There are 2 protein chains.
Amino acid sequence: MKKKLEKITPREVDFAQWYTDIVLNADLISYGTVKGTMIFKPYGYAIWENIQKFLDVEFKRVGVKNVYFPLLIPKTLFNKEKDHIEGFSPEIATVTKVGDKVLDEELYIRPTSEVLFGTFFSKEIQGYRDLPLLYNQWVNVLRWEKTTRPFLRTSEFLWQEGHTIHATSQEARDFTLKILDIYAEFAQKKLLLPVIKGQKTAREKFAGAEETYTIESLMYDGQALQCGTSHYFGQNFSKAFDIKFANQQNELENAYSTSWGVSTRLIGGIIMTHSDDNGLVLPPAIAPTQIMILPISNEQQQLQAVQKLQVELQEYRCEIDESDKSFGFRVANTEIKGIPLRIEVGPRDLEQNQVMIARRDTFEKISVPLMAVKETVAKLLSEIAANLYQRALDNRQQRTQKITTYNDYLKALAKGNGLFLVPFCGRIECEDVIKAETQTTSRCIPFDVKPQKTVCFHCGQTATNLVYFARAY
Amino acid sequence: MKKKLEKITPREVDFAQWYTDIVLNADLISYGTVKGTMIFKPYGYAIWENIQKFLDVEFKRVGVKNVYFPLLIPKTLFNKEKDHIEGFSPEIATVTKVGDKVLDEELYIRPTSEVLFGTFFSKEIQGYRDLPLLYNQWVNVLRWEKTTRPFLRTSEFLWQEGHTIHATSQEARDFTLKILDIYAEFAQKKLLLPVIKGQKTAREKFAGAEETYTIESLMYDGQALQCGTSHYFGQNFSKAFDIKFANQQNELENAYSTSWGVSTRLIGGIIMTHSDDNGLVLPPAIAPTQIMILPISNEQQQLQAVQKLQVELQEYRCEIDESDKSFGFRVANTEIKGIPLRIEVGPRDLEQNQVMIARRDTFEKISVPLMAVKETVAKLLSEIAANLYQRALDNRQQRTQKITTYNDYLKALAKGNGLFLVPFCGRIECEDVIKAETQTTSRCIPFDVKPQKTVCFHCGQTATNLVYFARAY
């Protein structure tokens, strides 16, 4: 489709512009007509489809079933849970008319669907034998954003939202963490994003949740990205929505609920973690095209050879680019689109029964005997995956610091973005001040770090936890 | 979940109530909070997922790529194509506010997305080499309906909408028909719905289309259901949206577009075609559970046997119901949920190394040696498919009549619903009168019936075609 490859602003010069250049040049999206919306073009949507396939299997493996709940939520229903409505109301698109007819009650376009699931659960369950109910839906949601950026922050986005309901607090909390593990495993193994698992502070937790768990990743530029969250609601929603069941003692009890989601912003995270000045770099597991085969010219022998190769590599998402564009253009196109491996087939190679294989991540190019292509491809794809993960982990480690005083924190921030592990009091008011002064927020209270007896890096009160702070997308 | 199986109103007594009873008792849906909306429960949504899987493969096979376009459409954009806005405007849900802020321009929730794709295509294409673009999206759409019925007519529904753009009229029209063939093949082979392919009359074609093609099916009660449509727009949308490309002569030309869709109403069609007074009857290809294995009691030997069977039948969607509900309840549950095959495993059967297999469609029950279960299952599933299709075809044929005078038409309608092939003038005004007088509409101008020199069955003017008329959902 593209007539020419445009110049990509170097990542070190202007990270935000680099990001936009990548997103547009790799043909992932086009801007929508309504401000803050975007069109997922085939290449961008195919990445989301691959993400969906992996996660959907994992959800089903732990017993989750897919459902579909309506897009529109009556205003009165949304207002039942106080924290929830306060958290979302400024961002909610509201339907007031159908045709020329003004509606009796305003309808909200879902920014998330807890209240619909809550209403449903309250009618659906009677006894403890009906529990748990483990539901998920893959849908669009709307949250009107002031500043928007493709994938990262758009007025409409695609996500999955899981909603479950349980007979005991323990089971609900365990399930919240089971999903967090699925997210973390998927992010690390398939998206090659090193993530930190942890809990959100009181200020950052989800509107209406008792506890919010998160996986947090650090982007190339040192800003953090929340990649997925899993919320334990306790009985908050079940009290607001009167979700009661007869427990084993045959007493009516409010059920315990969870919700959890990942969205298309994961694609933004992949881009900002792995890509470079030549374009997109995609993890092999979710790349729409894993291998692109290029005949150097459209000479008959080459065309036959590339077709034979494609058949041999049919277990991969492998395509041939034999378009009439120049070889150089086609090479650049595989790079800008982040295709993990490129196989070049030319006349001299064929004379020697070999092809050239180029890695997108390192630009390394090796000649490979035709009969060794299949095993080499397998080996290289797994090396690429390992390398992308390691590169991202190295970047995060270089940008991670332990800090104990606010003064050191300000100095560190002045030097550049990164992830800062600090002793923190956990108070909302304290975090409000930090955010106002530094535009940084707490990312999570990591699981694997023991709390120490010390004082808050900012206010000096008793620190309850070591907490990661960062600027974040 | 269900505490007890409720009574299903007999199909012959009250077809509409029978339908509602099936939908609710089979646990397919729950009513939504907003009037006219519904919740797809896991069992109902799983049918839709199976439909999606089949069709998505077929679309991709002919080169279609999935995309995602925004939910909201600016009012001015929608108003660009006159017929289109006239066709949809009374049904459109309109967003006028975000939070407390009134929007400068009203935004429509998509009832369909031609105008967004049109706007996109106009920016995307330059020369004939960019064409065709073959896109599809699986999304929710809203069309506010006065009277609603689960799956068949709801304010929000799920569908796929394909949108393509081509360099020549011939190619676009051919593609419209290629998709119609995919729909027909899928409906007949997988959903076991006998369908008639044909073209819509001027009155019934899609708002803004030049030609609309359709697959029409006849339900058990003799009313027709439009199961899928494929529209050829000619240059209507490309003129309204200024979609131009440089053709091979390097002259700017308006492109030719198509759109096509099937929706969750297909599920309604399956129900109204195959189900009976015992509950749902599902075609094996799209049944969420194809085989249910029931141990008669929870005796150890039986539990081992059913697990072994499940492993042996793992290529099917095969489940075990070993819940503590009575055997009779569990049997009725497989029937109400339309599970094609039920395998009953009891102590006396096991002594003789056999099980009982029951067909949902005919209630026939046979004893089968354990070692022959796998081959018998394969044979029975294919017999069930053949039988369901034939049963539906017989029903349609019994209810189809050729009619040449309006007097005969009124008499036939008085006897009952059905499909009536009549010579018709094709005029909108004539059809308006027929509809007002009989509540019947033209369903399609079938492809395989030659037009004859005769007069319109209603107005007596020259008949242009033989056309199917029926009452329709």
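All values derive from a computational prediction rather than experimental measurement.

Calculation rules
- Residues numbered from 1 in each chain as written.
- Chains lettered and ligands numbered in written order.
- Predicted model: local features only at pLDDT ≥ 70, side-chain atom pairs only at ≥ 80, totals over all residues.
- Heavy atoms only, no water.
- Axes fitted to C-alpha atoms, helices over the stretch in contact; angles between N-to-C directions.
- Helix = DSSP H or I, 4+ residues; strand = E, 2+ residues; numbered from the N terminus.
- Left-handed = near helix turned anticlockwise from the far one by under 90°.
- Contact = heavy atoms within 4.5 Å.
- Buried < 20%, exposed > 50% of the residue type's maximum accessible area, 1.4 Å probe, protein only.
- Pairing = 2+ DSSP bridges.
- Lys, Arg positive; Asp, Glu negative; His and termini not counted.
- Salt bridge = Lys/Arg side-chain N within 4 Å of Asp/Glu carboxyl O.
- Core = buried A, V, L, I, M, F, W, Y, C linked by side-chain atoms within 4.5 Å.
- Polar contact = N/O pair within 3.5 Å; in protein donor to acceptor, adjacent residues only side chain to side chain.
- Domains from an automatic or database assignment.
- Phe/Tyr/Trp six-rings, centres within 6.5 Å; stacked < 30°, edge-to-face > 60°.
- Lys NZ or Arg CZ within 6 Å of the ring centre and 35° of its normal.
- UniProt positions renumbered as here; feature names shortened; annotations may be inferred.
- Least-squares fit on C-alpha atoms with pLDDT ≥ 70 in both.

Novice: Could you give an account of the packing of helix α2 (residues 42–61) of chain A against helix α6 (residues 169–189) of chain A, with specific residues and numbers?
Specialist: Residues and elements named next belong to chain A. Interaxial distance between α2 and α6 falls to 11 Å at its minimum, and their mutual angle equals 145°. In this structure, α2 meets α6 at a crossing whose hand is right-handed. Contact residues: I51, F54, L55, E58 and F59 in α2; I179, I182, Y183 and F186 in α6.

Novice: Explain the pairing of strand β5 (residues 93–98) of chain B to me, using residue names and the numbers behind them.
Specialist: Counting buried residues in β5 of chain B gives six out of six residues, a clear majority hidden from the surface. Note that strand β5 (residues 93–98) of chain A and β5 of chain B share five bridges and pair antiparallel. Bridge pairing in β5 of chain B places V98 of chain A opposite A93 of chain B. As defined by bridge partners, β5 of chain B adjoins strand β6 (residues 101–109) of chain B across four bridges and the pair is classed as antiparallel. Its bridge partner being in β6 of chain B, T94 of chain B is matched across the sheet by Y108 of chain B. Hairpin connection of β5 of chain B to β6 of chain B: two residues between the antiparallel strands, including G99 of chain B at a positive phi of 60°.

Novice: Which residues make up the side chain of K337 of chain B, and what are the values?
Specialist: Assignment of secondary structure puts K337 of chain B in the loop between α10 (327–336) and β17 (341–345). Of the side chains bearing the opposite charge, D27 of chain B lies closest to the buried K337 of chain B, which forms no salt bridge; the N-O distance is 4.4 Å.

Novice: Give me the nonpolar core: which residues, what numbers.
Specialist: I51, I109 and F151 of chain A together with I51, L72, I109 and F151 of chain B are the most contacted members of the largest nonpolar core, which has 145 residues in total. Discounting chain neighbours no more than four positions away, the residues touching I109 of chain B are L71, L72, V95 and I109 of chain A together with L71, L72, I92, A93, V95 and L142 of chain B.

Novice: Break down the sheet that holds strand β8 (residues 156–166) of chain A for me, citing the residues and quoting the values.
Specialist: Residue and element names in this part refer to chain A. Strands sit in the order β3-β7-β8-β14-β11-β10-β9-β22-β23-β21-β20 across an open sheet of 11 strands; the sheet is mixed. The two strands at the open ends of the sheet, each matched to only one other strand, are β3 (65–66) and β20 (400–402). Of the pairings in the sheet, the one linking strand β9 (residues 196–199) to strand β10 (residues 211–218) comprises four bridges and is antiparallel in character. Across the sheet, the residue bridging to K197 is I215, located in β10. Here helix α12 (residues 373–398) sits on the sheet and contacts β9, β10, β20 and β21 (419–424); the angle it forms with β20, its principal contact strand, is near 35°.

Novice: Please provide a residue-by-residue account of the side chain of T164 of chain B, values included.
Specialist: Residue and element names in this part refer to chain B. For T164, the position within the fold is in strand β8 (residues 156–166). Of the residues examined, T164 reaches a relative accessible area of 0% and is grouped as buried. A polar side-chain atom of T164 sits 2.7 Å from a polar atom in the side chain of H166. Each residue touching T164, except ones within four places of it in the same chain, is listed here: F121, L133, L134, Y135, F175, Y256, S257, T258 and W260.

Novice: Requested: an account of the domain arrangement of chain A, with residues and values cited.
Specialist: According to the domain assignment, chain A contains domain 1 (15–274), domain 2 (291–381) and domain 3 (400–470). When each unit is reduced to the centre of its C-alpha atoms, the spacing between domain 2 of chain A and domain 3 of chain A is 49 Å.

Novice: Requested: an account of the packing of aromatic side chains, with residues and values cited.
Specialist: For the structure shown, the criterion picks out 66 aromatic pairs over all chains. Centre to centre, the rings of F15 of chain A and Y220 of chain A are 6.4 Å apart; their planes meet at 15°, and the pair counts as stacked. A residue pair is termed long-range when its members are at least 10 positions apart, and F15 of chain A in helix α1 (residues 15–25) and Y220 of chain A in the loop between β10 and β11 (224–234) qualify at 205 residues. Residue F15 of chain A is classed as buried on the basis of its relative accessible area, which comes to 11%. Given a relative accessible area of 22%, Y220 of chain A falls into the partly exposed group. Here the aromatic cluster, defined as three or more aromatic residues joined through ring pairs, consists of F78, F88, Y108, F206, F233, F237 and F241 of chain A. Sitting above the plane of the Y220 of chain A ring, R11 of chain A keeps its charged end 3.5 Å from the centroid. Here the guanidinium or amino end of R11 of chain B rests over the ring plane of W18 of chain B, the centre of that ring lying 5.7 Å away.

Novice: Help me get a handle on the UniProt feature "coiled-coil region" (unreviewed entry) in chain A, residues and values and all.
Specialist: Mapped onto the present numbering, the UniProt feature "coiled-coil region" (unreviewed entry) falls on residues 299–326 of chain A. Split by type, residues 299–326 of chain A is 46% helix and 11% strand. Its first and last C-alpha atoms lie 14 Å apart.

Novice: Kindly report on the pattern of salt bridges, identifying the contributing residues and their values.
Specialist: A complete count under the given rule lists 54 salt bridges over all chains for this structure. Close ionic contact of K60 of chain A with E49 of chain B constitutes a salt bridge, the shortest N to O distance being 3.4 Å. Taken as a pair, K60 of chain A in helix α2 and E49 of chain B in helix α2 (residues 42–61) lie in two separate chains rather than in one. For K60 of chain A, a relative accessible area of 34% translates into the label partly exposed.

Novice: Go over the relation of the copies chain A and chain B, please, and point to the residues and values.
Specialist: Mapping between the two copies of the chain is achieved by a rotation about an axis and a shift along the axis. When chain A is brought onto chain B, the operation consists of a screw motion whose angular component is 180° and whose axial shift is 0.0 Å, with 0.0 Å RMSD remaining. What the rotation and shift describe, once combined, is the action of a two-fold rotation axis. Proximity to the rotation axis, assessed at the C-alpha, singles out V95 of chain A in chain A; its C-alpha lies 2.1 Å from the axis. Of all interface residues in chain A, 100% are interface residues in chain B too; the two copies therefore contact each other through one and the same surface.

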